[in-house]
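Each chain is listed here by its residues.
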Amino acid sequence: MRSTTRDFKKYYSPDVGGAVRMDTNTNVLGSNPAAAEYLRGQDIDLNEYPVTYSDNLRRALASLYGLDMENFVVGSGSDEILDVAFKTFTEWGDDCLVPYPSYTLYDYFAQMNGGSVRHSELTEDFQLDVDDIASSGARIAIVASPNNPTGNSLRQRDMEDLLARFEGIVVVDEAYGEYSDSSMIPRVDEFDNLVVARTFSKAYAMAALRVGYAVTNRDVSDMMNSVKIPYSLNGLSEGAAIAAVRDQGFIERSKKMVAEERPRLAAGLSALGFEPFPSDSNFILARSPIGHAALTAALKERGVLIRDFGSKRRLENCVRFTVGTGEMNSELLQKIGDIVGGRR
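Residues numbered from 1 in each chain as written. Predicted model: local features only at pLDDT ≥ 70, side-chain atom pairs only at ≥ 80, totals over all residues. Heavy atoms only, no water.

Draft legend 1. A look at the overall build of the protein. In terms of helices and strands, the protein carries eleven helices and 13 strands. Expected size for 344 residues packed as a compact globule is a radius of gyration near 20 Å; at 20 Å, the protein falls within 12% of this value. Projected onto its principal axes, the C-alpha coordinates of the protein cover approximately 60 × 55 × 40 Å. Split into buried and exposed, the 344 residues of the protein put 55% on the buried side. Considering only contacts in the protein between residues 6 or more positions apart, those separated by 24 or more positions represent 72%. Split by element, the accessible area of the protein, about 15000 Å² in all, is 47% carbon and sulfur. (Helix = DSSP H or I, 4+ residues; strand = E, 2+ residues; numbered from the N terminus. Rg over C-alpha atoms; globule rule 2.2 N^0.38 Å. Buried < 20%, exposed > 50% of the residue type's maximum accessible area, 1.4 Å probe, protein only. Contact = heavy atoms within 4.5 Å. Areas by Shrake-Rupley, 256 points an atom, 1.4 Å probe, with all protein chains shown as cover.)

So, in structure tokens, the structure goes:
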């Protein structure tokens, strides 16, 4: 293997079986209805390439956000967007700044592209240490808002300060942005170093189709589109994504469900002895009253998957729950109660 990838391990890939998945933070309301309807009605010529840079989807996104299609880069999931950002703006050996704790694949993308990862500790309330990041000398910084796995949104004034002081590209990963009240998308033309990444895998309930996009100023967009693999988003996924963009009612229903169920789930966890962290997303990180590994294993035996972060520094004994429907959350809390009660 290449020297920069020799320490890589395969990504989280559990044996799902028939378990209820409360570990991936996808939309518990199920498949996006507009996208599913679009796919049922397709009779596509499989012999033709898709539009090279997904222009029709870029136009639909531009209409949604009140921007220009040239503000957008579309790819196969936001993972491709993150990879393209590193490929576009970093040289081999450049320092790449990643906050900690945050999404584990950020380190992967930096190292895969020959970068050296520098971590910046988030503050006690999981906010940015702007002074530390701005003085790092890194070529690129990637921050998540809402942050994964902690769930909180980053303060906009901190990101504005960071963008003004950081000399490289700042990627703001808003994979869970639909659930938050704040976004940097309306600001992309104000900063020459801002790239906002979004995905159709979470609120849009289209993870199987692998659609993501970047929103940025036109100069940066042109650079990224020049680097991105042509035709990387297939025609079926693009058409389904366009249909989904035009059905914002589903997104509003999804947001409303999470806004109602998230505090209920947090209260239920607190009553069982957990310490949930504040969340602006469709998941909750919580410190368990019993061993994290034992809890995760016991829930799996009972047909529910959650995500275990309890072995990581600063996340000791923490697990993450996707916010489910009322029925899902009630069943989850009942099963947790049985497990916790039997181990106290």
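Draft legend 2. Local environment of the packing of helix α2 (residues 55-65) against helix α8 (residues 235-245). Packing of α2 against α8 leaves a shortest axis separation of 9 Å and a crossing angle of 15 degrees. As judged from the angle between their axes, α2 and α8 are roughly parallel. Where α2 crosses over α8, the two elements pack in a sense that is left-handed. When α2 is examined against α8, the residues D55, N56, L57, A60, L61 and L64 are found in contact with a partner set consisting of E238, A241, I242 and V245. (Axes fitted to C-alpha atoms, helices over the stretch in contact; angles between N-to-C directions. Parallel < 35°, antiparallel > 145°, perpendicular 65-115°, else oblique. Left-handed = near helix turned anticlockwise from the far one by under 90°.)

Draft legend 3. Local environment of the environment of S13. By the element assignment, S13 lies in the segment before β1 (20-21). Residue S13 is classed as exposed on the basis of its relative accessible area of 66%. C-alpha separation for the pair S13 and R2, spaced eleven residues apart in sequence, amounts to 23 Å.

Draft legend 4. Summary view of the sheet that holds strand β2 (residues 72-75). Taken together, the seven strands give an open sheet; going across it, the order is β2-β8-β7-β6-β5-β3-β4, and neighbouring strands pair in mixed fashion. This sheet does not close on itself; its edge strands, each paired only once, are β2 and β4 (116-121). Taking the axes of each pair of neighbouring strands and ignoring which way they run, one obtains an average angle of 20 degrees across the sheet. Looking at chain direction, strand β6 (residues 169-173) and strand β7 (residues 194-199) are connected through four bridges and run parallel. Residue V172 lies in a different strand from β7, and its bridge partner there is V196. Lying over the sheet, helix α4 (residues 105-112) contacts β3 (95-100), β4, β5 (140-144) and β6, oriented at roughly 150 degrees with respect to β4. (Pairing = 2+ DSSP bridges.)

Draft legend 5. Local environment of the pattern of salt bridges. Taken as a whole and assessed by the stated rule, the structure comprises 22 salt bridges. The closest approach of N and O atoms between D23 and R21, which form a salt bridge, is 2.8 Å. Overall, the relative accessible area of 1% leaves D23 in the buried class. Assessed through its relative accessible area of 32%, R21 is described here as partly exposed. The residue D94 makes a salt bridge to R139 at a minimum N-O spacing of 3.0 Å. Note that D94 is positioned in the loop between α3 (77-89) and β3 and R139 in the loop between α5 (130-134) and β5, a separation of 45 residues in sequence. R139 gets classed as partly exposed once you look at its relative accessible area, which sits at 37%. (Salt bridge = Lys/Arg side-chain N within 4 Å of Asp/Glu carboxyl O.)

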